[in-house]
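# Structural features, examined
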Amino acid sequence: MESTEGQRENSDRALVEELKRENEALRRRVAELEVPARRYRSLSDAGIVSFQILDPQSRTVEVSPGFERIWRLRVEDLTGYLLLEDEQIVANGFMDQLERAFHTGEPVQLPTIRYDPAATDKIQCGTFRWVAAALHPVTGAEGEVCEVVMLHMDVGELKQSEEELRRHSDELAAAVAERTAELTQKLRLIDEQQHAIAELSTPVLRLWEGVLALPLIGRIDGDRAARMLDTLLRAIADTSAEQVLLDVTGVPDMDQDAASHLSAAARAAALLGARCVIVGLSARAARTLVELGLDFEGVARFANLQEGLRDALARRRRSEPGVAPRPAR
């Protein structure tokens, strides 16, 4: 009897020790789980982060205060609603990602969309939001999906800022386009004015029938010489002019380049049958040409326009005896 009683006491003590060890292990495990539980509860109760807990059939079983704040919905409002049958998810092309989360336990993240629960047949209440969402399946020991935690991130303010930025960008683009059109119009006007100024800077005058005058004022550079030659040759061809008076009274400096341009104009006019005469060559200009060793070979020169015109008329009288010259019309 004593031996049997002692064995029973030893067995009871061993059982008590085993229970103590198991109880201590449970205490440690509970302590380990308390930290993440407090964290989750803190996030859930703060009402900032939106959680939606769904069963394997995608029915909503729990929502956080943040979910109620964002969507203006309670869990009772989602009775009969299945996430895997949501027509807005289908329309946005995200259903295959949701099915992976529920069927294979794969965590997925959804792009930002504008979601309106009031537009869903099974809900028809709440308010729309711009949200990004992530699904985190909770699996069992065999890897089966026990539930899915869906996290919503309200990005409405960011989306609104993006839309405002886009609107400002569109307004800026429109203002730039309008300003560009104005500048284009001004540039066109400037080009027209410059063309008109260029035309006025090389006017060809009909002094008499068959007699033209080209008064030149200012410096004769390459560009102006090209315009002068083009204008002169067109005028000779249009009027069948026989004589041209190049009036350089208004040219302040007669240098080598200017003399070359005038000589080239005289030769070109001669090819069209017109005789060129240079008038208004000042004493200073003549002295400069002499110092440079330049001369207008074969080109007559007169002190002023009156003398050049008198010579031109005399030549017409000699070429047409008995015919009085007629003024240009």
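Structure: see above.
Now for a description of the structure that goes with this document. (Residues numbered from 1 in each chain as written. Predicted model: local features only at pLDDT ≥ 70, side-chain atom pairs only at ≥ 80, totals over all residues. Heavy atoms only, no water.)

Counting its regular elements, the protein contains 9 helices and 10 strands. Per-residue burial over the protein gives 31% buried out of 329 residues. Element-wise, carbon and sulfur atoms account for 54% of the exposed surface of the protein, whose accessible area totals about 20600 Å². (Helix = DSSP H or I, 4+ residues; strand = E, 2+ residues; numbered from the N terminus. Buried < 20%, exposed > 50% of the residue type's maximum accessible area, 1.4 Å probe, protein only. Areas by Shrake-Rupley, 256 points an atom, 1.4 Å probe, with all protein chains shown as cover.)

So, on to the sheet that holds strand β7 (residues 211-217). If you trace the 5 strands from one edge of the open sheet to the other, you get β6-β7-β8-β9-β10, paired in mixed fashion. The sheet is open, and its two borders are formed by β6 (205-208) and β10 (300-302), each paired with just one other strand. Averaged over all pairs of adjacent strands, the angle between their axes in this sheet comes to 30°, without regard to strand direction. Strand direction decides the pairing type here: strand β9 (residues 275-279) and β10, joined by 3 bridges, are parallel. (Pairing = 2+ DSSP bridges. Axes fitted to C-alpha atoms, helices over the stretch in contact; angles between N-to-C directions.)

Taken as a whole, this structure holds 1 cavity of 30 Å³ or more when the rule is applied. What the largest cavity holds in volume is close to 200 Å³. In terms of lining, the largest cavity is formed by 19 residues, of which the most central are Q52, W71, Y115, M150 and H152. Looking at the lining of the largest cavity, the elements that each hand over two or more residues are α2 (65-71), β3 (108-115), β4 (129-139) and β5 (145-154). Among the elements that line the lining of the largest cavity, the one with the most residues is β3, at 4 residues. Across the lining of the largest cavity, the residue classes break down as 16 nonpolar, 2 polar and 1 charged. (1 Å grid on protein atoms, 1.4 Å probe; cavity = no way out; pocket = protein on both sides within 12 Å on 5 of 7 lines; lining within 4 Å. Points joined across faces, edges and corners; volume = space filled by probe spheres on them. Nonpolar A, V, L, I, M, F, W, Y, C, P; charged D, E, K, R; others polar.)

Looking now at the layout of surface pockets. Using a probe with the size of a water molecule, rolled over the atoms, empty space left in the structure can be pinpointed. In this model, the largest pocket occupies a volume close to 180 Å³. Lining the largest pocket are 11 residues, and of these A266, R267, E297, G298 and V299 lie nearest its centre. Secondary structure elements with two or more residues in the lining of the largest pocket: α7 (256-271) and β9. Broken down by element, the residue count for the lining of the largest pocket peaks at 4 residues, all from α7. When its residues are assigned to classes, the lining of the largest pocket shows 6 nonpolar, 2 polar and 3 charged.

Taken as a whole, this structure holds 8 salt bridges when the rule is applied. One salt bridge connects D230 with R234, and the closest N-O pair in it is separated by 3.1 Å. Within this pair, D230 and its partner R234 are both found in helix α6 (residues 222-239), separated by 4 residues, close to a single helical turn. Taking relative accessible area as the criterion, D230 reaches 43% and is therefore assigned partly exposed. Relative accessible area serves as the criterion here: at 40%, R234 is assigned to the partly exposed category. Notably, a salt bridge pairs R315 with D311, separated by 3.4 Å at the nearest N-O pair. (Salt bridge = Lys/Arg side-chain N within 4 Å of Asp/Glu carboxyl O.)

Side chains on a regular strand alternate between the two faces of the sheet. Note: strand β1 (residues 50-54) against β5, 5 bridges, orientation antiparallel. In the strand pairing of β5, I53 is matched with V149. As paired strands, β4 and β5 are joined by 9 bridges and run antiparallel to one another. The residue of β5 that forms the bridge with P137 is V148. Hairpin connection, β4 to β5: the antiparallel pair is bridged by 5 residues, and G143 has positive phi, about 85°.

Attention shifts here to the sheet that holds β5. Sheet architecture is open: 5 strands sit in the order β2-β1-β5-β4-β3, paired in antiparallel fashion. Edge positions in the sheet fall to β2 (60-63) and β3, since each has one partner strand and no second. Sheet twist, expressed as the average angle between the axes of neighbouring strands with direction ignored, equals 25°. When β3 meets β4, the two strands line up antiparallel, connected through 6 bridges. Bridged to Y115 within β4 is R129.

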